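Structural features, examined
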Amino acid sequence: MDMLLVLAVALGFAWAKKKDQSERIALLGRVLSRYDIEKLMESLTDGYLRALGEEEAERQAQVWSYLEVQEQTLSEQFTAFAAEFATQDAAATRVSRLPVAIPYAARWWPSAGFDVREAFAVHARGIASVIENRAGLSPKRRAFTLSAELFLMQHTCHWYCRSKTVASARLLARHKTTYQQVLQSVSVGTRNAYLATTGQSAAL
């Protein structure tokens, strides 16, 4: 009987976890589907590598100039996405800070989580700031910083849908960089606002 009870609890947990994550993925996917954010992000990442690989300064400048249009489009689309996602119900946008996914933990224990709508707003401002180059960064440094901003935003999406642990593992697998490295590579403004929004300390 004890084994049957354990099995029943395990199956119930797995079912609830899958249902919770499916609802999150569906909500995020429904809003994201109206934008080309992921395609633009991939295009920019490839474009930066192409620009950095150019040996001729003139040719490199042409590539940077071409990428500026895509950067602006991405910034505008993500700002619009963040604004649209901000209209979603608060109960569905809480994210748990627990390292592993526990079904509906963010709803039942709000103080242990944060609102992903606020995190997306932070990302939108950070992306726009780097693209506008308010800090006067060189093209190479600007591309590096913007890439980090985009990777951190992508990490937030995966964290919302799954868990922080899964999001960090996907970041490492896809971009060969750690969560801590990305966090240290974004702009100071983004990092400070992001840590405050997600309720984390600077020493992660």
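Because the structure is a prediction, the values reported are computed rather than measured.

1. Here we look at the overall build of the protein chain
In terms of regular secondary structure, the protein chain is built from nine helices and two strands. Its helices and strands in sequence order give the protein chain the pattern α-α-α-β-α-β-α-α-α-α-α, from N to C terminus. A burial count over the protein chain gives 44% of its 204 residues as buried. A separation threshold of at least 6 residues defines the contact pool for the protein chain, and within that pool the share at least 24 residues apart is 65%.

2. Some words on empty space enclosed by the protein
Take a probe with the size of a water molecule and roll it over the atoms, and the empty space left behind shows itself. Going through the model one piece at a time under the given rule, you end up with two cavities of 30 Å³ or more. Reported here for the second largest cavity is a volume of approximately 30 Å³. What lines the second largest cavity is simply Phe151, Gln154, His155, His158, Ala167, Arg170, Leu171, Arg174 and His175. Those elements giving two or more residues to the lining of the second largest cavity turn out to be helix 6 (139-161) and helix 7 (164-175). No other element matches the five residues that helix 7 contributes to the lining of the second largest cavity. Broken down by class, the residue content of the lining of the second largest cavity amounts to three nonpolar, four polar and two charged.

The rules behind each value
Residues numbered from 1 in each chain as written. Predicted model: local features only at pLDDT ≥ 70, side-chain atom pairs only at ≥ 80, totals over all residues. Heavy atoms only, no water. Helix = DSSP H or I, 4+ residues; strand = E, 2+ residues; numbered from the N terminus. Buried < 20%, exposed > 50% of the residue type's maximum accessible area, 1.4 Å probe, protein only. Contact = heavy atoms within 4.5 Å. 1 Å grid on protein atoms, 1.4 Å probe; cavity = no way out; pocket = protein on both sides within 12 Å on 5 of 7 lines; lining within 4 Å. Points joined across faces, edges and corners; volume = space filled by probe spheres on them. Nonpolar A, V, L, I, M, F, W, Y, C, P; charged D, E, K, R; others polar.

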